[in-house]
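# Close look at the chain arrangement
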Protein chains: 2
Amino acid sequence: MRRNMLIAQSGGPTVAINASLSGAVKRAMKHPEIDQIWGGRNGLEGILNEQFVDLRQKLNSQEAFRQLESTPAMALGSCRYKLPEEPGSVYEKLRGIFSRYEIGYFFYIGGNDSMDTILKLSQSFGSVGDDVKCVGIPKTIDNDLPCTDHTPGFGSAARYIATSVAEIACDSAVYNVPSVTIVEIMGRNAGWLTAASVLARRGGCSAPHMICLPEVPFQLEKFLKRLGHLQPQVQNPIIAVSEGVRFAEGGYVSSQGEQVDAFGHRTLAGVGKYLEQLVRDNLGCKVRSIELNVLQRSASHLYSATDIGEACRIGAEAVSFAVQGKTGVMATFERVSDHPYLLAYKSADIRLIANREKTVPLEWIDVDRYDVKEALTQYLSPLICDENGCGIPVYFSL
Amino acid sequence: MRRNMLIAQSGGPTVAINASLSGAVKRAMKHPEIDQIWGGRNGLEGILNEQFVDLRQKLNSQEAFRQLESTPAMALGSCRYKLPEEPGSVYEKLRGIFSRYEIGYFFYIGGNDSMDTILKLSQSFGSVGDDVKCVGIPKTIDNDLPCTDHTPGFGSAARYIATSVAEIACDSAVYNVPSVTIVEIMGRNAGWLTAASVLARRGGCSAPHMICLPEVPFQLEKFLKRLGHLQPQVQNPIIAVSEGVRFAEGGYVSSQGEQVDAFGHRTLAGVGKYLEQLVRDNLGCKVRSIELNVLQRSASHLYSATDIGEACRIGAEAVSFAVQGKTGVMATFERVSDHPYLLAYKSADIRLIANREKTVPLEWIDVDRYDVKEALTQYLSPLICDENGCGIPVYFSL
């Protein structure tokens, strides 16, 4: 019976992924079935090179755990590595490594691609009868993993988006001049993060005034018409737009705004810059676009306490699931109720999750008004809270 | 004797300018010499249209003051308006308005251009014997106002920069791949804000690895050589660069990276994008640039308590200076000591301040190593603190 555990992180950073690592290791230390607790550096790439760290040694105090939980990005490093579809030498190598290190429990913290790793490894180990429990721990700011109410990392990113939009709204309103501000937000195919901008209104501001999600085919004339309609009443409209918005035929809007720089290189302009020019040309008003950049996923200073707490807990539950004998699953959140906000921790078959995306349901989107419906706001609200309240500041207004 | 007060805000937003408004109004309410407390909307532009609000009415509770102090940008709105050099109808109009509203005390919260307004108005009123005390209250994230140790708004922006750089450093280090990250920071002619990135090291991270300030003429080969020298030891160097860096002959580096977009429009690329391409072409490694955008000046969620407290206090002292009879001055900070950190509140002749800039002293810059000296770090440190400490998180590291 193999008694050692291996855990690693994978994919893009969030502010909560280290909290999941912390929760998992803490829980592992409580299970007598688990001896060694190895961390794999840089995900599967590091594991293939046996780049392991002894986590019992590295996390040897309350302070170390606490610091880990408030550190953004990946303490163990990450990789973007996808296992091949066909059996072959990579799998043999991994089985050899897992055997030598007597790994009986494997955890991969990541998004859809990482869940693909859990799927393939659990199948590979299963096919040769190696007793390795493989459990995925969810992570993504995009909130697009199926079978779970939401994902760790999303709540903090949502809080960052909503707070930033509220602050940008204040910044945009200082001059007595009509102006449009376009805020470009991460999220290629799923608009959850862009939709979270609606929470800026929790503090009393009216922004965002338009929300453009990838789930709704983008129509230029309709967009300009809606904006034109808003403008007399709203002097400084704020538009939240997902980087992944697409035209009806499927092409990304961002690819329309190709630029040729001084070196003759072509680069994607970004949907924000493209819409900025469109608005300038068609509506003739002052307009600027703001790309929210990597701080959306790494701004740990604006974490959601709910998010961090849940991230810790789901890491812990994943470990217990594995000790109970589960494999080929991902630990999940199941929302029991909204008021009070209550979660149950479950697990779901990895085959329902790997390589799949969960997008914003169309019935939660108000397509004509470029807005989201109350049901979505209700869904989002508890995810961004902290000890002090709803997480969005209330500003002074004359 | 005129007994009414008029206060307004001007120039670009910061997170502290409303705190100065709050401090000034609170202090005015304690001076029996002051009757009406008018706020001018949208700075001088609104004043010229007599767009006044009764601040005794609007700020009628502790909660209102508290909310005002935590609101970014300008509660009274702003403008970018410069008074003409020659006497004329604008001045006559203003003297008429001040007379009708019996304004005896005028306060303008802003940067260099706003101090120009204080200079011109105090001279104008003085020349005709109107008894109006004109006092400037400093404000800018650039920290470039002369005669004052630092400026309100700077400490919070500095905290934002340092925290963001620390988070970006974590984000940049996740993959086991060499990469360069260029962080473009606000500040046209003075590098104080970019220099503040050095405070990221307070939390233990080694970033930023290079700092490029406008005070030092930019040399391409020297820049690339230094970066190339760093790279073997530092896998993921972070470079903090001011948007205002210039070549020795004076041209802005950002104007080199002109782009022609899909519509045939020329736009400034931004120094970050330009350097990104340069590094990609010359060093052949993975590189990205991040523009920190308007959140540098509006991210009130990451305020410095020291900054907000000082902003309140300097607004209050400005009011008392005016009641004491001072005019044609700006309220200033004078640093009495570093340990403990102590300030005195003074005033300085506006003619030494208006339209002038204070840049980073060359003796505080380590030109060859693209770094800043310890004296600058010592100067900056107390400005970003809050109740809980030095203001920069300490992260977990293996």
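Residues numbered from 1 in each chain as written. Chains lettered and ligands numbered in written order. Predicted model: local features only at pLDDT ≥ 70, side-chain atom pairs only at ≥ 80, totals over all residues. Heavy atoms only, no water.

## Some details on the side chain of asparagine 4 of chain B
Residue and element names in this part refer to chain B. Tracing the backbone through its elements, the reader meets asparagine 4 in strand E1 (residues 4-9). Overall, asparagine 4 belongs to the buried group, its relative accessible area being 9%. A polar side-chain atom of asparagine 4 sits 2.9 Å from the main-chain amide nitrogen of glutamine 36. Beyond its immediate chain neighbours, meaning those up to four positions away, asparagine 4 contacts Asp35, Gln36, Trp38, Tyr101, Glu102, Ile103, Gly104 and Tyr105. (Helix = DSSP H or I, 4+ residues; strand = E, 2+ residues; numbered from the N terminus. Buried < 20%, exposed > 50% of the residue type's maximum accessible area, 1.4 Å probe, protein only. Polar contact = N/O pair within 3.5 Å; in protein donor to acceptor, adjacent residues only side chain to side chain. Contact = heavy atoms within 4.5 Å.)

## Regarding the sheet that holds strand E8 (residues 238-242) of chain B
Residue and element names in this part refer to chain B. On the basis of which strands lie adjacent, the open sheet formed by four strands has the order E7-E8-E6-E11 and parallel pairing. Unpaired on one side and paired on the other, strand E7 (210-212) and strand E11 (286-291) mark the two borders of the sheet. Strand after strand, the sheet turns through a mean of 15° between neighbouring axes, direction not considered. Sitting on the sheet, helix H9 (residues 220-230) is in contact with strand E6 (179-185), E7 and E8, with an inclination near 165° to E7. Those strands touched by helix H10 (residues 271-283) are E6, E8 and E11, and its axis lies near 160° from that of E6. (Pairing = 2+ DSSP bridges. Axes fitted to C-alpha atoms, helices over the stretch in contact; angles between N-to-C directions.)

## With respect to the relation of the copies chain A and chain B
At an RMSD of 0.0 Å, chain A and chain B line up after a rotation of 180° and a shift of 0.0 Å along the axis. Accordingly, the operation relating the two chain copies is best matched by a two-fold axis. An overlap of 100% is found between the interface residues of chain A and their copies at the interface of chain B, pointing to a shared contact surface. (Least-squares fit on C-alpha atoms with pLDDT ≥ 70 in both.)

## Description of the interface of chain A and chain B
Residue-level contacts link 60 residues of chain A with 60 residues of chain B. Carbon and sulfur atoms supply 61% of the area buried between chain A and chain B, which totals about 4,800 Å² over both sides. Of all residues in chain A, Tyr175, Phe396 and Leu398 of chain A give up the largest surface area on contact with chain B, accounting jointly for 17% of the area buried on that side. Along the contact surface separating chain A from chain B lie two salt bridges. A salt bridge links arginine 297 of chain A to aspartate 171 of chain B, with the shortest nitrogen-to-oxygen separation between them at 2.7 Å. Between the two partners, chain A and chain B, sit 21 residue pairs in polar contact (both at pLDDT 80 or more). At the level of elements, helix H4 (62-69), helix H7 (154-172), strand E9 (259-260), helix H10 (271-283), strand E11 (286-291) and helix H11 (295-298) of chain A are the ones that each hand at least two residues to the side of chain A that touches chain B. With seven residues, the single largest contributor to the side of chain A that touches chain B is H7 of chain A. (Buried area = accessible area lost by both parts, 1.4 Å probe. Salt bridge = Lys/Arg side-chain N within 4 Å of Asp/Glu carboxyl O.)

## As for the sheet that holds strand E12 (residues 329-337) of chain B
All names here are of chain B. Strand order in the open sheet formed by seven strands is E3-E2-E1-E4-E5-E12-E13, and the pairing between neighbours is mixed. What marks the edges here is a single partner per strand, and that holds for strand E3 (52-54) and strand E13 (342-349). Neighbour-to-neighbour, the strand axes of this sheet turn through a mean angle of 30°, independent of strand direction. Pairing of E1 with strand E4 (residues 103-110), which is carried by six bridges, proceeds in the parallel orientation. Residue pairing for E4: leucine 6 is matched across the bridge by phenylalanine 106. Lying over the sheet, helix H1 (residues 17-28) contacts E1, strand E2 (37-40), E4 and strand E5 (133-138), oriented at roughly 175° with respect to E1.

## A few points about unusual backbone geometry
Residue proline 340 of chain A is reached from histidine 339 of chain A by a cis peptide bond, and omega for that bond is 0°. For proline 340 of chain A, the position within the fold is in the loop between strand E12 (329-337) and strand E13 (342-349). Not every positive phi belongs to a glycine, and asparagine 42 of chain A is a case in point at roughly 50°. Along the chain, asparagine 42 of chain A falls in the loop between strand E2 (37-40) and helix H2 (43-48). For glutamate 102 of chain B, which is not glycine, the phi dihedral falls at a positive 50°. In this structure, glutamate 102 of chain B sits in the loop between helix H5 (89-100) and E4.

## Side note on the packing of aromatic side chains
Residue and element names in this part refer to chain A. Tallied over the full model, the rule gives 26 aromatic pairs over all chains. For the ring pair tryptophan 192 and tyrosine 379, a centre distance of 5.3 Å and an interplane angle of 50° mean the geometry is tilted. With tryptophan 192 in helix H8 (residues 192-195) and tyrosine 379 in helix H13 (residues 374-380), this pair connects stretches of sequence that are 187 residues apart. By relative accessible area, tryptophan 192 is classed as buried at 2%. (Phe/Tyr/Trp six-rings, centres within 6.5 Å; stacked < 30°, edge-to-face > 60°.)

Distances and angles like these do not, on their own, reveal function.
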